[in-house]
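Here is how the chains run, residue by residue.
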Amino acid sequence: DTAVSQTPKYLVTQMGNDKSIKCEQNLGHDTMYWYKQDSKKFLKIMFSYNNKELIINETVPNRFSPKSPDKAHLNLHINSLELGDSAVYFCASSSSTQPLGQYFGPGTRLTVT
Amino acid sequence: TQLLEQSPQFLSIQEGENLTVYCNSSSVFSSLQWYRQEPGEGPVLLVTVVTGGEVKKLKRLTFQFGDARKDSSLHITAAQTGDTGLYLCAGGARGGSNYKLTFGKGTLLTVNP
């Protein structure tokens, strides 16, 4: 069974569109994250949720809106996509707000044309 | 802003050689994690170190956390082609009420047969 899963794996869309990425974890963790990895492989945190509550919100454009319907799911909605949003987006989870071990999903490669 | 510098950025060696990857910061971290990422996949946690001076071994991999908890190293003995991948270090620290991981930019290791 996949521990952290994301859909879709690949997403190609045009500028100005709105898209969503879904994430689910079956590890029983209470904290989930979204990371962005740029073309140079730099991994940077965007958001973190603990028990469905937002606890970390880095300097991310408000076109990005995370939503956690329950502690096993954390979705990412992006409005008015821009070329610079092209990247690989990773969802991750951990067992507490002290992330001594984070488990990552396989990533969603977003390409904005 | 806490920064983690990894060196070298790229490393290409022959199978059987030993290597060391470094992760340095001017900031103190309460924990330090090492991940390995293969192409098209998410990072996979290798180890977490939390105590200054701590050394952990995982088969041919040896991880060390600096005494001042500002730096870490990963040593691989007798590298194998399966060790090829992007090695990421990540420092954990509390910022206000949040606990956040800061990632280094990674070391891309290629082990040639």
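Just above sits the structure.
The rules we used
- Residues numbered from 1 in each chain as written.
- Chains lettered and ligands numbered in written order.
- Predicted model: local features only at pLDDT ≥ 70, side-chain atom pairs only at ≥ 80, totals over all residues.
- Heavy atoms only, no water.
- Buried < 20%, exposed > 50% of the residue type's maximum accessible area, 1.4 Å probe, protein only.
- Helix = DSSP H or I, 4+ residues; strand = E, 2+ residues; numbered from the N terminus.
- Pairing = 2+ DSSP bridges.
- Contact = heavy atoms within 4.5 Å.
- Phe/Tyr/Trp six-rings, centres within 6.5 Å; stacked < 30°, edge-to-face > 60°.
- Lys NZ or Arg CZ within 6 Å of the ring centre and 35° of its normal.

Novice: Can you lay out the pairing of strand E2 (residues 10-13) of chain A for me, pointing to particular residues and giving the numbers?
Specialist: Residue and element names in this part refer to chain A. Side chains Leu11 and Thr13 project from E2 onto a buried face, and the interleaved Tyr10 and Val12 project onto a face without burial. Judged from the four bridges that link them, E2 and strand E11 (residues 108-112) form a sheet pairing that is parallel. Across the sheet, tyrosine 10 pairs through a bridge with arginine 109, a residue of E11.

Novice: Lay out the environment of A:Val12 in plain terms, naming residues and giving numbers.
Specialist: All names here are of chain A. With respect to the helices, strands and loops of the structure, valine 12 is situated in strand E2. Valine 12 sits in the exposed class, given a relative accessible area of 60%. It is 9.1 Å that separates the C-alpha atoms of valine 12 and serine 86, two residues lying 74 residues apart in sequence. With residues up to four places along the chain from it excluded, the contact list for valine 12 reads Thr111 and Thr113.

Novice: How would you explain the packing of aromatic side chains if you had to name every residue and give the values?
Specialist: By the definition in use, this model includes eight aromatic pairs over all chains. Centroid distance A:Tyr35 to A:Phe104: 5.2 Å. Interplanar angle 40°. Geometry classified as tilted. Placement of A:Tyr35 in strand E4 (residues 31-37) and of A:Phe104 in strand E10 (residues 103-104) is noted, with a sequence separation of 69 residues between them. Residue A:Tyr35 is classed as buried on the basis of its relative accessible area, which comes to 0%. Site record: aromatic cluster; members linked through ring pairs are A:Tyr33, A:Tyr35, A:Phe90, A:Phe104, B:Tyr35 and B:Phe103. One residue, B:Lys105, lies across the ring of A:Phe42, its end atom 5.5 Å from the ring centre.

The values reported here are purely geometric and, on their own, carry no functional implication.
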